[in-house]
Amino acid sequence: MNNQETHLSLSNLSKNYGSVRAVNNLSLNITRGECLALLGPSGCGKSTILKLIAGLELPNTGQMVLANRDITKSSPETRNLGFVFQNYALFPHLSVGENVAFGLKARGKSKSVIDEKVNSSLELVQLKGLANRRIHELSGGQQQRVAIARALAIEPELLLLDEPLSNLDVALRTQTGQQLRELIKRLNISTIFVTHDQADAFALADRIALINEGQLQQVGNAMEIYFQPKNLFVASFIGHSNLLQARLVKAISEELAEYKISQELSLSAPKVENTGEVTLRIRPEAIEMLKDQQTNSLPAKILNVRFSGTTIHYYLRVQDIDLEVVRLTPQTPLDINFLNECWVKIPPNAITVFS
């Protein structure tokens, strides 16, 4: 997406609430038609970033440019943005159609234009024919789609979504997320959404901007962030990780070094320019489990097994260190479900070293 036109540019954006810096010198570009997730733990500043873009808050420093127009200090109604709030913010005393028409009426559109846009917007979100329904008669997923239809009816320059799937149950979440992704791509509308759930970010977004303590930690697609984390926070926040404190002992080759993790356990891993304490990140799915001993394998005791549908999680003790291992189900011909002991191999290229 690097060759596409920049649609929204955030430059050195900061926002303070008293002595608390909610957003800290953040710079980020969003390309036209892109769906970007702002992902991070609760209280990290991601919703504040969304409010700054929407004009609901003003930054202390920095600049925001939307479609070559400086919107840093412009009022919310002049930014032409569609905002879908976490609780949808629908008006219970109005019908579905009246909710969708609300922004159009506020802009002084004629009745014929309003009727046309209400019908077309409801059709976009697959709610055609429900204009006269009351809000309380709709399911959670339908209410969310009404909120999206209302945001789309004004033909916004940018669509902003705050935790769009958080109010839905698991089954509806997957279905609604897929429909939302398809709609965004079909309309080619630039979209930014906030979530604390990495599964939602992975499912919906073209790129993910990972935020912590108001700072941008890393931005990239899901695979880049998962397999090539830039720092320890990203490595620990995305997916599951075995994080082990270690000490560099000696170089083995130009690429590899030996790291001592405990009194009993040492591992080979990529060499870094650091001679002190490091953290080793090992993904649970990168560890091989074996029924019999092989070259470079380590004995392990199986402490616990947890079945979770598509995967089985094994909790092992390797020497004097506890590790989590994840394997796909159904099992390969090697069946170790009911063993108390096994062997494991940890390939050096499965380890990321953070100094």
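Here goes a summary of the coordinates provided. (Residues numbered from 1 in each chain as written. Predicted model: local features only at pLDDT ≥ 70, side-chain atom pairs only at ≥ 80, totals over all residues. Heavy atoms only, no water.)

1. Details of the packing of helix α4 (residues 140–153) against helix α5 (residues 170–187)
Inference 1: The geometry of α4 relative to α5 is characterised by a closest axis approach of 11 Å and an angle of 15 degrees between their N-to-C directions. If you check the angle between α4 and α5, you find them roughly parallel. In this structure, the crossing between α4 and α5 has a hand that is right-handed. Across the interface between the two elements, Gly141, Gln144, Arg145, Ile148 and Leu152 of α4 pack against Leu172, Thr176, Gln179, Leu180, Leu183 and Leu187 of α5.
Inference 2: Its residues placed into classes, the contact of α4 with α5 shows six nonpolar, four polar and one charged. (Axes fitted to C-alpha atoms, helices over the stretch in contact; angles between N-to-C directions. Helix = DSSP H or I, 4+ residues; strand = E, 2+ residues; numbered from the N terminus. Parallel < 35°, antiparallel > 145°, perpendicular 65-115°, else oblique. Left-handed = near helix turned anticlockwise from the far one by under 90°. Contact = heavy atoms within 4.5 Å. Nonpolar A, V, L, I, M, F, W, Y, C, P; charged D, E, K, R; others polar.)

2. Considerations on the pairing of strand β14 (residues 277–282)
Along any regular strand the residues' side chains alternate between the sheet's two faces.
Inference 1: Summarising burial for β14: five of the six residues are buried, a large majority.
Inference 2: Sheet analysis places strand β11 (residues 242–251) next to β14, joined by six bridges and oriented antiparallel. Looking across to β14, one finds that Gln245 is bridged to Thr279.
Inference 3: Note that β14 and strand β20 (residues 351–354) share four bridges and pair antiparallel. Among the inter-strand pairings, Thr279 is bridged to a residue of β20, identified as Phe354. (Buried < 20%, exposed > 50% of the residue type's maximum accessible area, 1.4 Å probe, protein only. Pairing = 2+ DSSP bridges.)

3. Focus on the environment of Ile351
Inference 1: When you line up the elements, Ile351 lands in strand β20.
Inference 2: Residue classification places Ile351 among the buried positions, given a relative accessible area of 3%.
Inference 3: Considered as a pair, Ile351 and Leu243 are 108 residues apart in the sequence and their alpha carbons are 9.9 Å apart.
Inference 4: Leaving out residues up to four positions away in the same chain, Ile351 has contacts with Leu267, Ser268, Ala269, Pro270, Leu280, Arg281, Ile282 and Ile346.

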